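Chain by chain, the residues:
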Amino acid sequence: MMLTRREREVLALLRRDPLSGAQAIADALGTTRAAVNVHLSNLGKKGAILGRGYILRQEHAVVVIGGANVDVKVRGLAPLAYRTSNPGHAHTSPGGVARNVAENLARLGTPTHLIAAVGQDPAGERLLSETQATGVRIDHVHRGTHPTGTYTAVLDADGELAVAVADMAATDGLGPEYLRPARELIGNASMLVLDGNLSSPALAYALDIASAAGVRTVIDPVSVPKAALLAPLLAAGRPVFAVTPNVAELGALTGRATGDDRHLKEAAAALHERGVRYVWVRLGERGSLLSGAEEGVTILAAPRAEVQDVTGAGDAMLGAFVHALLTGEDPVAAARYGHAAAALTVATTATVRPDLTPRLVEDALTPRLVEDARHAPPRRTT
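As a starting point, this report considers the structure included with it. The residue count restarts for each chain, going from 1 along the sequence in the order it is written. The predicted origin of the model limits local features to residues at a pLDDT of at least 70 and limits the giving and counting of side-chain atom pairs to 80 or more, whereas totals for whole chains, interfaces and linings rest on all residues. Values shown for side chains rest on all heavy atoms present in the structure; no hydrogens or waters enter the calculation.

1. Concerning the overall build of the protein
Counting its regular elements, the protein contains 15 helices and 17 strands. Expressed as lengths along the three principal axes of its C-alpha atoms, the size of the protein is roughly 70 × 50 × 40 Å. Remark: exposure states derive from per-residue accessible area (1.4 Å probe, protein chains only) relative to the maximum for the residue type, with buried under 20%, exposed over 50%, and partly exposed in between. Every one of the 382 residues in the protein was classed for burial, and the buried ones make up 50%. Two residues qualify as a contact provided that any one of their heavy atoms is within 4.5 Å of a heavy atom in the partner residue. In the protein, once contacts between residues fewer than 6 apart in sequence are set aside, the share between residues at least 24 apart is 67%. Working definition of accessibility: Shrake-Rupley area with a 1.4 Å probe, residue cover restricted to the visible protein chains. Per element, the accessible surface of the protein, about 16900 Å² overall, is 54% carbon and sulfur. Charge convention: Lys and Arg are scored as positive, Asp and Glu as negative, and His as well as the terminal groups of each chain are ignored. By convention, the point assigned to a charge is CZ for Arg, NZ for Lys, CD for Glu and CG for Asp. In the protein, 38 side chains carry a positive charge and 39 a negative one; their mean positions are 4 Å apart. Secondary structure elements are defined from DSSP: runs of H or I of at least 4 residues count as helices, runs of E of at least 2 residues count as strands, and each element is numbered from the N terminus.

Here it is, written out as structure tokens:
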């Protein structure tokens, strides 16, 4: 973290007394309260202090960059009939891949900073207020000229996604110039999570900062078109800790067939050659395939779940995966943790489960661990 001499002095005083007020710090340094407030603001932007009371930066802080928007979910009351009106229920809530991942991380207790773009409109105000209330730091969210983005999802009566439309103009406009003020925060993160909704220049800029600073980066490609735009950025000279595509997105990232497990492994191996250490492929009801550049392949079964709404399941998986890694779990155990969080999420109608806690996830994991103990270890191949 690159701090000025005066910022280091302020930080030293806060380490001795985290409850020091601005005036007390000013008196100790022989400066003005206004000057100290500027230093405190800069320390907050750099991630050295968090929240009120000048809480010192905690270890394992994550920076998440990408989409933040309003989710509009409409669920039919009966099997959907296309090209006509259907009876159903509608619900609006905060959403966006990056924002959802950040909220999941915060609810699990990981200090999290969100970098995103929202409009200067009531929807943006609500989005920021509700996101901040979950514990996510929003200091670096950009308020742009585009309206706050929306994601409108139509679900069938079983809670499965039928169709969705995303208006991501605000996120499209989040260029490198808006990430530049957060470059030290990014370079000092314990982990960086990138949402494939970002523009190619923004992704490249964030990846370059993380690569230079040795920050582990996880990327969610989000969709097939976004994965195709991400593909040229994955190169051996710009190492990535993990990517988390579904089967179709893996094909777009590699230009390879992904029709069976053999093809999936070959496609994952191609990404390893391009500097990606772990490739975690979502297989839907089958579970997932985790391929490590050195560890080989592990197939993980999806835990049982009563599906109420699939929206947000992938975001919960990713957030919980990152949280578990930062608490010391190995990638296979972290992936299991992610599966458990996803199963808990789809069992509710919420995009991010509001009562999500580490204890809840651990309790959900227990039956699965008992079942695994009765059978062979996870299937591994090379």
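2. Quick word on the packing of aromatic side chains
Two aromatic rings, drawn from Phe, Tyr or Trp (for Trp, its six-membered ring), form a pair once their centres lie within 6.5 Å of each other, and the interplanar angle then sorts them: stacked below 30 degrees, edge-to-face above 60, tilted otherwise. Applying the stated rule across the entire model yields 2 aromatic pairs. Taking 4.7 Å as the distance between ring centres and 35 degrees as the angle between the ring planes, the aromatic pair formed by W280 and F321 counts as tilted. Placement of the pair is W280 in strand β14 (residues 276-282) and F321 in helix α13 (residues 313-326), with a sequence separation of 41 residues. Relative accessible area serves as the criterion here: at 0%, W280 is assigned to the buried category. A residue is classified by how much of its surface remains accessible, and F321, at 0% relative accessible area, is buried. Both a distance and an angle decide whether a charge sits over a ring: NZ of Lys or CZ of Arg must be within 6 Å of the ring centre and within 35 degrees of the ring normal. In this arrangement the basic side chain of R282 is found over the ring face of W280, its NZ or CZ atom lying 4.9 Å from the centre.

3. Some words on the sheet that holds strand β9 (residues 149-155)
With mixed pairing, the 4 strands of this open sheet are ordered in space as β5-β4-β9-β10. What marks the edges here is a single partner per strand, and that holds for β5 (88-95) and β10 (161-167). Put simply, the sheet's adjacent strands are angled 15 degrees from each other on average, direction ignored. Note: two strands are recorded as paired if DSSP finds a minimum of 2 bridges between them. In this sheet, β9 lies alongside strand β4 (residues 69-76) in parallel orientation, the contact comprising 7 bridges. Looking across to β9, one finds that N69 is bridged to G149. The strands touched by helix α5 (residues 122-133) are β4 and β5; relative to β5, the strand with the most contacts, the crossing angle is about 70 degrees. In this analysis, axes come from line fits to C-alpha atoms, helices being fitted only over the stretch in contact, and the angle between any two N-to-C directions falls in the range 0 to 180 degrees.

4. Concerning the pairing of strand β13 (residues 240-243)
With 2 bridges connecting them, strand β12 (residues 216-220) and β13 associate as parallel partners. The residue bridging V218 from the neighbouring strand is A242, located in β13. Clockwise travel from the first strand over the helix to the second, with the strands pointing away from the viewer, marks a crossover as right-handed. Taken together, β12, helix α10 (residues 224-230) and β13 constitute a β-α-β crossover, and its handedness is right-handed. Direction of pairing for β13 relative to β14: parallel, over a ladder of 3 bridges. In the sheet register, V240 faces β14, and the bridge partner there is V276.

5. Focus: the pattern of salt bridges
Salt bridges are defined by distance alone: a side-chain nitrogen of Lys or Arg within 4 Å of a carboxyl oxygen of Asp or Glu. Counting across every chain of the model gives 11 salt bridges. Its salt-bridge partner being E125, residue R143 comes within 3.3 Å of it at the nearest N-O pair. Here the residue R143 occupies a position in strand β8 (residues 142-144), and E125 occupies one in helix α5, the gap between them amounting to 18 residues. Of the charged contacts, one joins D355 and R353 as a salt bridge, the two residues approaching to 2.6 Å between their closest N and O atoms. The buried category is assigned to R353, whose relative accessible area is 15%. Bridged by salt links that share partners, the residues R99, E103 and R107 form one connected network.

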